[in-house]
Amino acid sequence: MEEMVRMYYQLDTRAGRAILAERHLPMRGGYNFRDLGGIRNKEGKYVKWGKLFRSDEMKDLTKEDVIYLNSIPLVTVVDFRSGEEIEESPDVLPDSVRAHYILSITPGNLGELSMQDITSLSAEQSIGIMEAINRQFVTDPACIDQYKQFFSLLQNEENLLLLFHCTAGKDRTGIAAYLFLTCLNVEEKDILNDYLSSNMYLQDKYGAYIKQYPALAPLLEVKPEYLKAGIEAIRQNYGTTSHFLENYLMVDLKKMRDIYLY
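What comes next concerns the included structure. All residue numbers refer to positions counted from 1 along the written sequence of the respective chain. Predicted model: local features are reported for residues with pLDDT of at least 70 only, side-chain atom pairs are reported and counted for 80 or more only, and whole-chain, interface and lining totals are derived from all residues. With hydrogens and water excluded, all non-hydrogen atoms of the structure serve as input to the side-chain values.

1. Focus on the nonpolar core
- Buried Ala, Val, Leu, Ile, Met, Phe, Trp, Tyr and Cys residues that are joined via side-chain atoms within 4.5 Å together make up what is termed a nonpolar core. Only protein chains enter the accessibility calculation, which uses a 1.4 Å probe; a residue is then buried when its area is under 20% of its type maximum, exposed when over 50%, and partly exposed in between. Grouped together as the largest cluster of nonpolar side chains are 62 residues, with contacts concentrated most on Phe80, Phe150, Phe151, Phe164, Leu179 and Phe180.
- Segments assigned H or I by DSSP are reported as helices when at least four residues long, segments assigned E as strands when at least two residues long, and all are numbered from the N terminus. Here this core takes 8 residues from helix H6 (residues 172–183), the largest share from any one element.
- Should any heavy atoms of two residues lie within 4.5 Å, those residues are counted as being in contact. Aside from chain neighbours lying at most four places away, what touches Phe150 is Val78, Phe80, Leu103, Leu162, Phe164 and Ala176.
- Within the second largest apolar cluster, 15 residues are counted, among which are Phe33, Tyr68, Val97 and Leu161.

Here it is in structure tokens:
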């Protein structure tokens, strides 16, 4: 079987030069692996390709997947999953990874519910739970501390290329991606589009569960209301996301833009 490697393409035209790449990584043992590069910000600059990746869990990566990640080469992995999730499904890491950080974020009390409890929830109750979880990500001191450590890693170029993930790569990872892209002054609507694309990439992972248990759909998908609940919590508690980033997560916005924009 031919080995796949990460490829980037330079497009030169009379109007200028652009770097292009495939945003969704072709993992055989993963679903929601994405390069955050190529997204345009409000000033017309772009997020650099091949610096920061987001994904779902890495427990089922194949030999070919590992070779592909080695070709990037991936240097640092940040895992937002709980200790129980990690013990049940440990990451498979390529040899190129020099550091593996566990920054566990436990989303509400969802893990304490039985399958019977979960399947008995109404759609409205499930949506309410997910909105509450997203508010918790940006207001709970334990969650804030983990995101603060995450941004400390992002501001050290020795940690790049870096991949961050949780189980589905949509909630804990989704908030992290929102905060990262906000650092770079990306339009909120464009961040929301990136956030919602998890639904497309996770269809193969969760489609069968949703078909069998339709009540699970709000818990296994993302909706605009979820991310917006987190954003509104930031505004209510801190005024602006920039204030939250600079004063609670200790982010140097200029440094972030110097590192990640072109």
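2. Here's the deal with the layout of surface pockets
- Of the pockets and cavities examined, the second largest pocket occupies roughly 200 Å³.
- Those elements that provide at least two residues to the lining of the second largest pocket are H6, helix H7 (188–196) and helix H12 (241–247).
- Three classes are used, and their members are as follows: Ala, Val, Leu, Ile, Met, Phe, Trp, Tyr, Cys and Pro are nonpolar, Asp, Glu, Lys and Arg are charged, and the others, Gly among them, are polar. Its residues assigned to classes, the lining of the second largest pocket comprises 3 nonpolar, 6 polar and 4 charged. Only protein atoms enter the 1 Å grid used here. Points where a 1.4 Å probe fits but cannot escape make up a cavity, open sets with protein on both sides within 12 Å along at least five of seven lines make up a pocket, and a residue lines them when an atom lies within 4 Å of a point. Grid points are joined across faces, edges and corners, and a volume is the space filled by probe spheres set on the points.

3. Re the side chain of Ser89
- For Ser89, the position within the fold is in the loop between helix H2 (83–88) and strand E6 (99–102).
- You can call Ser89 buried: its relative accessible area is 10%.
- Beyond its immediate sequence surroundings of up to four residues, Ser89 is in contact with Glu57, Lys59 and Arg81.

4. Here's the deal with the sheet that holds strand E7 (residues 162–165)
- Whether two strands pair comes down to DSSP finding at least two bridges between them. Within the open sheet, the 5 strands sit side by side as E3-E4-E7-E5-E6. Their pairing is mixed. A single partner strand is all that each edge strand has here, and the edge strands are strand E3 (34–35) and E6.
- Here strand E5 (residues 76–79) runs beside E7; their pairing, made up of 4 bridges, is parallel. Across the sheet, residue Asp79 finds its bridge partner in E7, namely His165.
- Across the sheet, helix H5 (residues 141–154) lies against strand E4 (52–55), E5, E6 and E7, angled at about 165° from E7, the strand it touches most. Only the stretch in contact is used when a helix axis is fitted, and all axes are lines through C-alpha atoms; the angle between N-to-C directions ranges over 0 to 180 degrees.

5. Remarks on the environment of Phe150
- One can find Phe150 in helix H5.
- The exposure class of Phe150 is buried, given its relative accessible area of 0%.
- For the pair Phe150 and Val78, spaced 72 residues apart in the sequence, the C-alpha separation amounts to 7.6 Å.

6. Re unusual backbone geometry
- The omega angle of the peptide bond from Ile72 to Pro73 is -10°, so this bond is cis rather than trans.
- Along the chain, the position of Pro73 falls in the loop between helix H1 (63–71) and E5.
- Backbone torsion omega between Leu160 and Leu161 reads 15°, so that peptide bond is classified as cis.
- On the secondary structure map, Leu161 appears in the loop between H5 and E7.
- Despite not being glycine, Asn185 shows a phi value in the positive range, around 65°.
- Relative to the helices and strands, Asn185 resides in the loop between H6 and H7.
- In this structure, Met250 takes a positive phi of about 55° despite not being glycine.

Purely geometric numbers; function is a separate question.
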